[in-house]
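Remarks on the overall topology
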Amino acid sequence: MSKSHYKKLGYGLLLLLFLGVFGVSCTGTEQAGGRKDAAEKVYVAPGEYDEFYSFLSGGFSGQVTVHGLPSGRLLKTIPVFSQFPENGWGYTEETKAMLNTSWGFVPWDDAHHPELSQTDGVPDGRWLFINANNTPRVARIDLVNFETDEIVEIPNSAGNHASPFITPNSEYIVASTRFSVPIPQRDMSISEYQDNFKGTISFIKADEPGKMDVAFQILVPGYNYDLAHAGKGPSFGWAFFTSYNTEQAHSLLEVNASQNDKDFVAAVHWKRAEECIAEGKGKRMSGKYVHNYLNEARIAVSEQKDGVTVLYPSDCEGLVYYLPTPKSPHGVDVDPSGEYIVAGGKLATVIPVHSFSKMLKAIEDKAFETEVDGIPVLKYDAVIAGEVENPGLGPLHTEFDGKGYAYTTAFISSEIVKWELGTWQVVDRIPVYYSVGHLSIPGGDSRKPWGKYLLSLNKITKDRYLPTGPELAQSAQLIDISGDKMKMLLDFPTMGEPHYGQALPASLIMDKQVKFYQLQENENPYAIRSESEARVERDGNDVHVYMSTIRTHFTPDNIEGIKLGDTVYFHVTNLEQDWDVPHGFAVLGARNAELLIMPGETRTLVWKPQRVGVYPFYCTDFCSALHQEMQGYLRVSPRGSNVPIAFGTGE
Amino acid sequence: MTKQSRILLIIAVLALGTMYVFPIWKINLDAPQYPEGIGMYIRINTIHGIKPNDLDNINGLNHYIGMKRIEPDSITELKVMPWIIGFLMAFGLLAAWAGKPWMLYTWTAVFLIVAVVGLVDFYLWEYDYGHNLNPHAAIKVPGMSYQPPLLGSKQLLNFTAHSWPAFGGWMAFLALALGLTASYLEIKRRKNRISVV
């Protein structure tokens, strides 16, 4: 036997061992708990609708995708933090400003956690929020048109990971530093981390569209703040954040940040923060950030801001407490009743569940172990409600079904573990393929989960689909949780890397969808309301083309008088007033993007002629039987030419 | 005229009055691409879409096959119809008040003529829209015309056109039926009286 044969044999034995340990059976039929039964549960017949909308973060794609459940069908990609040449998002004059930051225009980001707006602790279908991790920001998506309509940057932050978890009436969404940094930023040695690097926990006012803003920040010790969830019911007014790297390592964190037996869940009393700020205990700290929103003409505008209100825990007693939590916890999840706070210690051998009522009692009794920078550390035994034994290896994230059970992902053992609240007993487990990160149950982090399905968002795909070279789509798996036993129903590939998803019943949003924009309400200053207003106007070296589209022509479709050195603004208004009749606009030599213009909307593309000649433009969205005839020509004359501006259609 | 005839006539006049409030006719179009439906209502003085932009969208579709735009403001019938119905109502009330049988007969006869002329005119209007096509239209199907049905359903390329009276139209037919009934009863009663004498 050659060396490679031994190697293969070795891998084979390892695999057998793996299968033996976890009792995994790999035939599709068994994974799916009976093919026919599973197929019937996820089959959505042609013309019928899915029961749930599911919003998955795009991770490194920077966007959000919308899938229907139980079918897993992709319904839409919503561009958020990354430019999207497909429809011009981040390229058009109307959307460019949405990607402005204090660092300038940023065309991408890493989007992790979608979060639905809530009323009374239940998803209400108004908005979806999502965080940008790299250039710390949060975005709001309006669920009447599935468009991003607001993005606010978070100053004094780095790695906005524990975000944008929401309070029960959408009062605030939260944000925090995954990476502690010098605050305020300054030139200093990295080795001086321990005394100088800080974290911030931010509360962003979220309940009024167009008015998102950083309400206040709390300066906290320099750990890595990872995930969060707001309290509800009895724990209303509080929010909980996991932290790791309480070792305060600044290098080789995989080892150096994995030494302490316990890190902390930070319990933040945001109602108390409001009081302290009202009492004038907040301090003003500089910090540049940008707020982008759609104005009344639906054009993105940027507002430069500087300075935030910062609270120091030592100045505001009762603001923050640390709950010791094993070990490098990731998720922190509050059960539907609001009493239990579940932490997923990714290196822990148990799932610790803290009790909110015990926490209040411990605070009252001053059952403190120690204090860090004015933050009391509560005694573990004084706050713990129970520990789930044998929860799988690498527990990360927990959601709830509203029927007394919790479901926790185990990354390393690649499974989902179902356990009972109160008894802390594991009652069922199911393998997932492979290595799940977060899971998503519709309303599963709210006061009233719709506990029918569970979506497992897996990190490793390998052989799940037809192979597509080295880069594979991330895999999601749908699990039926309506009965005592979890049942695997479906695999489907996703876009980007969904770190987390949120889902809600389709009935909450499907009937309020905008089908098209009212042309008469189009307030874009370059909009036209009929073909008779179409025109070309020269203003120095700028040429403004007021163009219309309707099936199946552009007006004007012949344009002359453009010269080298000009900047041409194509302001294209789609005059259609019917559902699902977008038109596209593409012009030869465009180095930015195309346009997709929804009915009743105006979008502007900037184009700079580079060569003398006659160039075509055309519609890129198959709009009608004569779509292929929907085109025009643009004449580009030499610099200094005296060809006059001329334009028309059908003349 | 008997009290009964007078009451029937007054009800007929009231039924005619609904034509000012409710659409008279409804033409709707079914096609696979329009699951939400598209169509128009004809009222006493205007035409409008069933949904706000339907008429513009029908005109947009019709341009492919060269049909004229439906412009309510340029349709003479829609200007005249309110006056004709108004006249019928006034005359009907007058007849009921005066109680003269000849007035009832005249009213019914005039209404009948108006109804027949109206339907013929509607047919001709549909004929004109369906046949008088722009020779430069993009879609030309040899031998195909696009006249919607006067009453009932008809397949026109990918659309099925349905044409039926709407509430106001049914009320107009009811009014006519009441006029005819009243006239019939009146004539029958007078015949009986004559035969008795």
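Here is a short report on the structure shown in this document.

How each quantity is defined
- Residues numbered from 1 in each chain as written.
- Chains lettered and ligands numbered in written order.
- Predicted model: local features only at pLDDT ≥ 70, side-chain atom pairs only at ≥ 80, totals over all residues.
- Heavy atoms only, no water.
- Helix = DSSP H or I, 4+ residues; strand = E, 2+ residues; numbered from the N terminus.
- Rg over C-alpha atoms; globule rule 2.2 N^0.38 Å.
- Buried < 20%, exposed > 50% of the residue type's maximum accessible area, 1.4 Å probe, protein only.
- Lys, Arg positive; Asp, Glu negative; His and termini not counted.
- Charge placed at Lys NZ, Arg CZ, Asp CG, Glu CD.
- Pairing = 2+ DSSP bridges.
- Axes fitted to C-alpha atoms, helices over the stretch in contact; angles between N-to-C directions.
- Expected span 1.5 Å × (residues − 1).
- Contact = heavy atoms within 4.5 Å.
- Salt bridge = Lys/Arg side-chain N within 4 Å of Asp/Glu carboxyl O.
- Buried area = accessible area lost by both parts, 1.4 Å probe.
- Polar contact = N/O pair within 3.5 Å; in protein donor to acceptor, adjacent residues only side chain to side chain.
- Nonpolar A, V, L, I, M, F, W, Y, C, P; charged D, E, K, R; others polar.
- Core = buried A, V, L, I, M, F, W, Y, C linked by side-chain atoms within 4.5 Å.
- Phe/Tyr/Trp six-rings, centres within 6.5 Å; stacked < 30°, edge-to-face > 60°.

A tally of helices and strands in chain B yields five helices and five strands. For chain B, the succession of helices and strands along the chain, N to C, is α-β-β-β-α-α-α-β-β-α. Relative to the compact-globule value of 16 Å for 197 residues, chain B shows a C-alpha radius of gyration of 21 Å, a clear excess of over 25%. Seen through its principal axes, chain B has C-alpha atoms that stretch 75 × 30 × 30 Å. Counting across all 197 residues of chain B, residues that qualify as buried make up 44%. Computed over 16 positive and 11 negative side-chain charges, the inter-centroid distance for chain B is 18 Å.

Bringing the pairing of strand β22 (residues 350–355) of chain A into the picture now. Residues and elements named next belong to chain A. Summarising burial for β22: six of the six residues are buried, a large majority. Side chains V350, P352 and H354 project from β22 onto one buried face, and the interleaved I351, V353 and S355 project onto a second face that is buried too. Of the pairings in the sheet, the one linking strand β21 (residues 340–345) to β22 comprises three bridges and is antiparallel in character. The partner of Y340 across the bridge, within β22, is S355. Adjacent in sequence and paired antiparallel, β21 and β22 are bridged by four residues. Both β22 and strand β25 (residues 384–389) contribute to a ladder of five bridges, which runs antiparallel.

Residue and element names in this part refer to chain B. Reading across from one edge, β3-β2-β1-β5-β4 is the order of the five strands in this open sheet, with antiparallel pairing throughout. One side of each edge strand has no neighbouring strand; the edge strands of this open sheet are β3 (47–49) and β4 (152–156). Neighbouring strand axes in the sheet, compared pairwise and without regard to direction, differ in orientation by 20° on average.

Right, let's get into helix α2 (residues 54–65) of chain B. Residues and elements named next belong to chain B. Look at α2: 17 Å from first C-alpha to last across twelve residues, which is about the 16 Å you get at 1.5 Å a residue. Counting buried positions along α2 gives nine out of twelve residues, so the element sits mostly inside the fold. Where α2 is concerned, the buried positions are D54, L55, N57, I58, N59, L61, N62, Y64 and I65. Residues of α2 that are buried make contact with β1 (25–30), β2 (38–42), β3 and β5 (159–165).

Turning next to the pattern of salt bridges. All names here are of chain A. For the structure on display, the rule yields 38 salt bridges over all chains. In this structure, the salt-bridge partner of D37 is K41, at a minimum N-O distance of 3.7 Å. On the criterion of helical spacing, the pair formed by D37 and K41 is a turn pair, its members being four residues apart in helix α3 (residues 35–42). Among the residues examined, D37 registers a relative accessible area of 35% and is labelled partly exposed. Residues D306 and K288 are paired through a salt bridge, measuring 3.4 Å at the closest nitrogen-oxygen approach. Of this pair, D306 sits in strand β18 (residues 300–311) while K288 sits in strand β17 (residues 283–294), and the two are 18 residues apart along the sequence. Owing to a relative accessible area of 45%, D306 belongs among the partly exposed residues under this scheme. Within the structure, one salt-bridge network assembled from shared partners comprises E147, R298, E601 and R603.

As a further point, take unusual backbone geometry. Most of the time, phi is negative for any residue but glycine, and the peptide bond is trans. Residue and element names in this part refer to chain A. In this chain, I183 is followed by P184 through a cis amide linkage whose omega measures -5°. Tracing the backbone shows P184 in the loop between β11 (181–182) and α4 (193–196). Of note, the amide linkage connecting P326 to K327 takes the cis form, showing an omega dihedral of -20°. Counting through the fold element by element, K327 comes out in the loop between β19 (320–325) and β20 (329–334). In the Ramachandran plot, F146 falls in the positive-phi region, its phi being about 55° despite a non-glycine side chain. Tracing the chain through its elements places F146 in the loop between β8 (137–142) and β9 (147–153).

Time to look at the interface of chain B and chain A. Listed by partner, the interface residues are eight residues for chain B and nine residues for chain A. Note on chain B versus chain A: buried area summed over both sides is about 760 Å², and carbon and sulfur give 46% of it. The three residues of chain B that bury the most area against chain A are N53, N57 and Y64 of chain B, which together make up 55% of that side's buried surface. The interface formed by chain B and chain A includes zero salt bridges. The interface formed by chain B and chain A holds four residue pairs in polar contact (both at pLDDT 80 or more) in total. For the side of chain B that touches chain A, the residue count by class is four nonpolar, three polar and one charged.

Moving on to the environment of Y41 of chain B. Along the chain, Y41 of chain B falls in strand β2. Those residues in contact with Y41 of chain B that lie beyond four places of it in its chain are P23, W25, K26, T46, I47, H48, G49 and I50 of chain B.

All names here are of chain A. If you trace the backbone, H583 turns up in strand β40 (residues 583–587). Look at H583 and you get buried, because its relative accessible area is 0%. Engagement of the side chain of H583 in a polar contact is seen with the side chain of E576, the distance being 3.0 Å. Sequence-distant contacts of H583, defined by excluding residues within four places in its chain, comprise T549, I550, R551, N574, E576, L595, L596, I597, C619, D621, C623 and M630.

Membership of the largest hydrophobic core comes to 50 residues, with the highest contact counts inside it found for L16, I47, I70 and W107 of chain B. Those elements giving two or more residues to this core turn out to be α1 (3–17), β1, β2, α2, α3 (76–98), α4 (101–131), β5 and α5 (167–196) of chain B. Among residues more than four places away in sequence, those in contact with W107 of chain B are L9, A12, L16, L88, F91, G92, A175 and G179 of chain B. One finds Y172, Y223, L227 and F241 of chain A within the second-largest nonpolar core, a separate group that totals 30 residues.

Working definition: an aromatic ring pair is given by the centre-to-centre distance plus the angle between the planes. Residue and element names in this part refer to chain B. One pass over the structure, following the stated rule, counts 38 aromatic pairs over all chains. Relative to F159, the ring of Y34 has its centre 5.8 Å away and its plane inclined at 40°; by these criteria the two rings are tilted. Of this pair, Y34 sits in the loop between β1 and β2 while F159 sits in strand β5, and the two are 125 residues apart along the sequence. F159 shares its class with Y34; the two are buried.

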